[in-house]
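# Residue-level structural notes
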Amino acid sequence: MTQVLSTIVVDDEPLARKGLMVRLAEHKDINIIKDCSNGREALAVIKEHKPDLMFIDIKMPGLNGFEVVNEIIAQNLSMPIVVFVTAFEEYALKAFEIHAQDYLLKPADDSRIENALEKIRERIANKDNAEQKLKLAQLVSDVTGNKSQDILEAVENNKPIHFNHYSDVLAIKDAGEVSRVPVKNILWIDAAGDYMCVHTATETHILRQTMKQLEESLDPRIFIRSHRSTMVNKNYISKFCSQLNGEYYLVMSNDKELKVSRSYKDKVKSIVNS
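What comes next concerns the included structure. (Residues numbered from 1 in each chain as written. Predicted model: local features only at pLDDT ≥ 70, side-chain atom pairs only at ≥ 80, totals over all residues. Heavy atoms only, no water.)

For the chain, the count of helices and strands is eight helices and 15 strands. Burial analysis of the chain (274 residues in total) assigns 38% to the buried set. (Helix = DSSP H or I, 4+ residues; strand = E, 2+ residues; numbered from the N terminus. Buried < 20%, exposed > 50% of the residue type's maximum accessible area, 1.4 Å probe, protein only.)

Now for the side chain of Asn233. Tracing the backbone shows Asn233 in strand 12 (residues 230-233). In terms of polar contacts, Asn233 uses its side chain to reach the backbone carbonyl oxygen of Ile186, at 3.0 Å. Ignoring sequence-local partners within four residues, the contact set of Asn233 consists of Val183, Lys184, Ile186, Leu187, Ile222, Phe223 and Met252. (Polar contact = N/O pair within 3.5 Å; in protein donor to acceptor, adjacent residues only side chain to side chain. Contact = heavy atoms within 4.5 Å.)

Of note, Val4 is situated in the segment before strand 1 (5-10). For Val4, a relative accessible area of 44% puts it in the partly exposed group. With 23 residues separating them along the chain, Val4 and His27 place their C-alpha atoms 9.6 Å apart. Apart from residues lying up to four places away in sequence, Val4 is in contact with Lys28, Asp29, Asn31 and Asp52.

If you trace the five strands from one edge of the open sheet to the other, you get 10-9-8-12-11, paired in antiparallel fashion. The sheet is open, and its two edges are formed by strand 10 (204-207) and strand 11 (223-227), each paired on a single side. Averaged over all neighbouring strand pairs, the angle between strand axes comes to 25°, with direction disregarded. With four bridges joining them, strand 9 (residues 195-200) and strand 10 adopt antiparallel strand pairing. (Pairing = 2+ DSSP bridges. Axes fitted to C-alpha atoms, helices over the stretch in contact; angles between N-to-C directions.)

Another point: the sheet that holds strand 15 (residues 257-260). An order of 13-14-15 is seen for the three strands of this open sheet, with the pairing classed as antiparallel. Only two strands of the sheet have a single neighbouring strand rather than two, namely strand 13 (237-242) and strand 15. Direction aside, neighbouring strands of the sheet carry axes that sit 25° apart on average. Where strand 14 (residues 248-252) lies against strand 15, four bridges are found, and the strand directions are antiparallel. Within the sheet, the bridge partner assigned to Tyr249 lies in strand 15 and is Lys259. Seen against the sheet, helix 8 (residues 262-273) touches strand 13, strand 14 and strand 15 and runs at an angle of roughly 130° to strand 13.

All chains considered together, the criterion is met by nine salt bridges. A salt bridge links Arg121 to Glu114; the nearest nitrogen and oxygen atoms lie 3.2 Å apart. Among the residues examined, Glu114 registers a relative accessible area of 28% and is labelled partly exposed. Here Lys212 ties to Glu216 by a salt bridge, and the two come within 2.6 Å at their closest N and O atoms. Here Glu216 and Lys212 lie together in helix 7 (residues 211-217), a separation of four residues that amounts to about one turn. Owing to a relative accessible area of 57%, Lys212 belongs among the exposed residues under this scheme. (Salt bridge = Lys/Arg side-chain N within 4 Å of Asp/Glu carboxyl O.)

This part is about the pairing of strand 1. The buried fraction of strand 1 is high, at six of six residues. Where burial is concerned, the two faces of strand 1 agree: the one with Leu5, Thr7 and Val9 and the one with Ser6, Ile8 and Val10 are both buried. In this structure, strand 1 lies alongside strand 2 (residues 30-36), joined through six bridges in parallel fashion. Bridged to Thr7 within strand 2 is Ile32.

Buried within helix 1 (residues 14-24) are the following residues: Arg17, Leu20, Met21 and Leu24. One side of helix 1 carries all its buried residues, which in axial view fall inside an arc of 100°. Relative to its buried face, helix 1 has exposed residues pointing more than 90 degrees away, namely Leu15 and Lys18. (Arc of directions from axis to C-beta.)

Structure, rendered in C-alpha cells:
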C-alpha cells in the first residue's frame, strides 16, 4: 500500500502556490494539509502537524526557504522531506548542499513534478526497507547473541547466520563433585592465577578454565569485561563510580566494589547508562 504523505506548500506568490497545489492534488499519495504564504507560517504548521513533505519557495520576504530549513534544525522540529521550488536556477547548488530532496524551477511542469515524487517514493521505500531490516536484525541478535551489524552484513552478502548458543549452567568440578551453577545467579568472575573464581550471592566456586574460554561460553549481552581479569554480570551492577585519583569502580548488588580498568571504562559506562 502506498504511503500517503502529508504535505505543505510554502510560497509568497498566491498564483504560484495555487498552481502547484492543483498539480500535486492529482497524486493520490499526496495530502496537502496546509498552504503557507511565508516562512513563519510554515514553521508553525511544521511544529503543530509534523508534515512528511514540504514544497517551499526559496526567495520570500522575511525568512527565505534556506532560513526556514535552518530554523527547523535550530528548533529541533521534525524535518519534512524538502523540495525547493524557485524561479532562480543559481540556488540549485545551495539547495543540495543542505540535503534537499529535489529542486524545481518555476513553472514546474507535470512531468518534472512526477519525477520529483517518484524520487521521494523511492527514498521512503528504501528507508522503510532499511528500518525493517534493522528491526529484524536486532530481533535475531536478541535471540542469537550475534551483533546486529554482523547479521545485516551476512544477509547482504548471502552468507549464513551462525547462531551462538550460550551456557545456562556452569558445571564446576571440585574434590570429585560437580556443582551446577545457574549462570543467571553469577554476579562476577575474576581470575586467580590459573583458576577462575565464580561468585554468586552466597558462594564462591573455583573453576579451572581461562577467561577467554569463559567469555566464549557466556552471553556477551549479559557478561561484560570490566578489567583484564574480571567479568561482571551487568544485571547485578548497582553503580558506576569514579574516584578523585581518576580510577573507576563498580558497586555490585551485594555492595562489593570491583575495579574498572581504563581500557574497559568507556564500554562499561555505556552499558551501565543504557
